[in-house]
Amino acid sequence: MPLLEVQNITHRFGGLVALDKVGFLVAQGQIKSIIGPNGAGKTTLLNVISGLLPSGAGRITFKEKRINGLKPHQIARAGMSRTFQNPSLFLQMSVLENVMVGRHCRTRSGFSSCCLRLPGQIREEKRIREAAMEQIRYVGLEGLAEVEAGALGFGERRMVELARALATEPSLLLLDEPASGLNSRETEDLGEHIRRIAEKGITVLLVEHDMSLVMTVSDDILVLDNGARLAEGAPSVIQNNEEVIRVYLGSGFEHVASSRKP
Amino acid sequence: MKRLIPVIAFAALAVAAQVVSFAVGKEFCLTQLTMAVYYAIVVMGLCLLMGFAGQVSLGHGAFFAIGGYTSAVLTTSDFSRFEDSAWIAALKRAHVLYLKADLYGGEVLAATPWAAFLAAMAMTFFIACLIGYPALRLKGHYLAMATLGFGLIVYKMVLGSSITGSADGITGVPEWKLFFGLTVSGKSALRVQNYYIACAVALLLLVLLMNLVQSRVGRALQAIHDRETAAGAIGINTARYKLSAFVLSALIAAAAGVFLTHYNGGIGPSEASTLKSVRYVALAAAGGMGNPWGAALVSTIINFLSLRGWFGSYDNAVFGAALIVIISLAPQGPLKPLGLLIRRIIGGIRAPKRGGHATP
């Protein structure tokens, strides 16, 4: 059984068909990428999967359970976590607190036990702090734990967002253009992170424009164009698919990918 | 230990205010100070809603009034004409209803203050859920609009219906025996005791609120305030948390209403007016929305001066001016800059000492 099964998803913004009967599978443990020109519907697709946009008539199955119609927080609790195109941290909070929020869906202290600081709540708070610190160390930001998120640079924000997403203990991690705005060294680090995350057994669904990153980390690639599926397959297959080259990659992709590096 | 510093500071401030009022022979000021503290409790609840959950309520005056009026109606009505029914007998046995002497020496059957308090809380809970549930499922400031309309309705209702005494309001609300001989009452003999009851309730609430905001729930509320979409995607049930924060802050306002109604021995329709609600919002903003301590302090001081009549007919203008001055000079409320100043002064005292150590 695939971890995520997307069937027949159509989404319209007014008269514009952003997604047209899109369907694909993500197998357990895979790194799967979604690529395509701007406006192809990649982010819309992620938003539909994570419950931020309604899924309409189609069907989304995650861990053998139907998840369309569920609220974003229910989907997150089911084990799907995501990052955003623009890192969307809670800027008034410290890095540590941001990542601690990621533990929210795995913890349970409510209003009354928090007000009264009951022993169970104090213990849980300690565990939340430790688990969050572990994720912060994992992305290599332990020195910035107490810094306010608003004071961080762009690349650091991405990493904090990644740590926050990992803190929810996801089975599936959705990354929306994680390399945009990063320099080439940071992008390489990111690729390394993505591989390590996959080695931990977390399935990754990646939307990305950086082809050198996509081609090196992905097991499987879905190409979207104008909201519809154009091609699907392993990186080597996609790189040689004439349709994909025509609408997106351009000819001589190898050349393009290598010239990106300084 | 660090958590205790503001608690001790506020307790010391409360005692100092009482001592000074006696020292200068103006102990009658404690009455207005007690009232101001109860109003400050409403503002603290609003602080939770505005500063942490990021929602604005323009109906907290109405919730205060719902608390006060429910309590006042139940403790002053005479239920004796229903006395034959089994319900009334059961309620009497459960000490929900009791016989008391009315103003003219006759006997009336009324609700006990504790029962009335619980009824007021239940009533507020129900109404707050009813208003908050639809308004808070939407993003944006729908709650402000919904509560504004709600406040206007409540004001017209208490003004127009005979149960709530129309424009006169309700008087003759009995004192409320809490426990250990503590009594919420406006008698001048109990003035000092009541001042400390109000301060204790406020301080207890502040401690509970501070515990709340520095916890999983507090972080969730702040996350919703900062970025609601991301908060939902990370696993926070945004609609439920916003609703809980709203209901909790409405209950706090209503509880303050119950206390003040017993203290004053009555309540009038002006408590439900929209202007009151707007004042609470202004005070919460002026105190530094995310800072319940600042809100408590600022609102106690300004309300006290207002109740003492310092501002005369410029009362509302002074509220507006104070808000503008504080927001423009210290948007985080007056306490943060004050704290920084104190820290700098302490640092200034310590620094020469350290220099002294360095020289051989």
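Small disclaimer: the values here were computed from a predicted structure and weren't measured. (Residues numbered from 1 in each chain as written. Chains lettered and ligands numbered in written order. Predicted model: local features only at pLDDT ≥ 70, side-chain atom pairs only at ≥ 80, totals over all residues.)

Our next topic: the overall build of chain B. Secondary structure assignment for chain B yields 14 helices and six strands. Against the 2.2 N^0.38 benchmark of 21 Å for 360 residues, chain B shows a C-alpha radius of gyration of 22 Å, consistent with a compact globule. Considering only contacts within chain B whose residues lie at least 6 apart along the sequence, 78% involve residues at least 24 apart. (Helix = DSSP H or I, 4+ residues; strand = E, 2+ residues; numbered from the N terminus. Rg over C-alpha atoms; globule rule 2.2 N^0.38 Å. Contact = placed C-beta atoms within 7 Å.)

Attention now moves to the sheet that holds strand E10 (residues 228–233) of chain A. Residues and elements named next belong to chain A. Across the sheet, which stays open at both edges, the six strands sit in the order E6-E7-E8-E3-E9-E10 with mixed pairing between neighbours. Because the sheet does not close on itself, it has two edges, and the strands there are strand E6 (80–82) and E10. Taken pair by pair, the neighbouring strands of this sheet meet at an average axis angle of 20°, ignoring direction. Across four bridges, the pairing between strand E3 (residues 31–35) and strand E9 (residues 220–225) is parallel. What sits directly across from Ile35, in E9, is Val223. (Pairing = 2+ DSSP bridges. Axes fitted to C-alpha atoms, helices over the stretch in contact; angles between N-to-C directions.)

Quick look at the domain arrangement of chain A now. Residue and element names in this part refer to chain A. Domain annotation for chain A reports domain 1 (1–79 + 171–262) and domain 2 (90–169). Taking only C-alpha atoms, the centre of domain 1 and the centre of domain 2 are 27 Å apart. Across the contact, nine residues belong to domain 1 and seven residues belong to domain 2. Of all elements in the fold, only helix H2 (72–78) and helix H7 (184–199) reach the threshold of two or more residues within the side of domain 1 that touches domain 2. Considering each element in turn, the side of domain 1 that touches domain 2 owes the most residues, three residues, to H2. In the side of domain 1 that touches domain 2, the residues fall into four nonpolar, three polar and two charged. (Domains from an automatic or database assignment. Nonpolar A, V, L, I, M, F, W, Y, C, P; charged D, E, K, R; others polar.)

To continue, consider the pairing of E9(A). All names here are of chain A. For E9 and E10, the ladder comprises five bridges, and the chain directions are antiparallel. Following the sheet pairing, Leu222 is matched in E10 by Glu232. Counted along the chain from E9 to the antiparallel partner E10, the turn is two residues long, and its residue Asn226 has a positive phi close to 50°.

Now for the interface of chain B and chain A. Contacts between chain B and chain A engage 22 residues on the former and 31 residues on the latter. Secondary-structure elements contributing two or more residues to the side of chain B that touches chain A are helix H7 (191–213), helix H8 (216–226), helix H9 (228–233) and helix H10 (238–264) of chain B. Sorting elements by how many residues they give to the side of chain B that touches chain A places H8(B) first, with seven residues. Class assignment of the residues belonging to the side of chain B that touches chain A gives a composition of 10 nonpolar, eight polar and four charged.

Here we take up the nonpolar core. Counting 178 residues, the largest nonpolar core has Ile41(B), Val42(B), Val43(B), Met44(B), Ala256(B) and Ala284(B) as the members making the most contacts within it. Tallying contributions element by element places helix H2 (residues 29–52) of chain B first for this core, with 18 residues. Viewed by domain, this core spans two of them, domain 1 (1–79 + 171–262) and domain 2 (90–169) of chain A, each represented by three or more residues. In this view, Ala284(B) contacts Val43(B), Leu46(B), Cys47(B), Met50(B), Met289(B) and Ala295(B); residues no more than four positions away in its chain are not counted. (Core = buried A, V, L, I, M, F, W, Y, C linked by C-beta atoms within 7 Å. Buried ≥ 20, exposed ≤ 12 C-beta atoms within 10 Å, placed from the backbone.)

Moving on: the packing of helix H3 (residues 60–76) of chain B against helix H6 (residues 142–160) of chain B. Residue and element names in this part refer to chain B. Remark: H3 packs on H6, axes separated minimally by 9 Å, with the N-to-C direction vectors making an angle of 35°. When the axes of H3 and H6 are compared, the crossing they make is left-handed. The segment H3 lies against H6, with Gly61, Ala62, Ala65, Ile66 and Tyr69 engaging Phe150, Gly151, Val154, Tyr155 and Val158. (Left-handed = near helix turned anticlockwise from the far one by under 90°.)

All right, on to H6(B) then. An α-helical turn contains 3.6 residues, so any two residues separated by three or four positions project in the same direction. Residues and elements named next belong to chain B. The first and last C-alpha atoms of H6 sit 27 Å apart over 19 residues, in line with the 27 Å expected at 1.5 Å per residue. Restricting attention to buried positions, one finds in H6 the residues Leu143, Thr147, Phe150, Gly151, Val154, Tyr155 and Val158. Summarising the axial view, the buried residues of H6 lie within an arc of 140°, below the 170-degree limit, and thus occupy one face. For H6, the exposed residues lying more than 90 degrees away from the buried face are Lys156 and Gly160. Buried positions along H6 lie against H3, helix H5 (113–136), H10 and helix H11 (274–286). (Expected span 1.5 Å × (residues − 1). Arc of directions from axis to C-beta.)

All names here are of chain A. Judged by pairing direction, the sheet is antiparallel, and its four strands sit side by side in the order E2-E1-E4-E5 without closing on themselves. Both outer strands of the open sheet, strand E2 (16–26) and strand E5 (65–66), are each paired with one neighbouring strand and no more. Strand direction decides the pairing type here: strand E4 (residues 59–62) and E5, joined by two bridges, are antiparallel. Note on E5: the bridge partner recorded for Phe62 is Lys65.

All names here are of chain A. We note that Glu64 has phi near 65°; this positive angle belongs to a residue other than glycine. In this structure, Glu64 sits in the loop between E4 and E5. On the neighbour-count criterion, Glu64 (9 C-beta atoms within 10 Å) is exposed.

Right, let's talk about the packing of helix H5 (residues 119–138) of chain A against helix H6 (residues 154–167) of chain A for a bit. Residues and elements named next belong to chain A. Packing of H5 against H6 leaves a shortest axis separation of 9 Å and a crossing angle of 135°. In terms of their interaxial angle, H5 and H6 are classed as oblique. Two packed elements cross with a definite hand, and for H5 against H6 that hand is right-handed. Side by side, H5 and H6 meet where Ala131, Ala132, Gln135, Ile136 and Tyr138 of the first sit next to Ala163, Leu166 and Ala167 of the second. (Parallel < 35°, antiparallel > 145°, perpendicular 65-115°, else oblique.)

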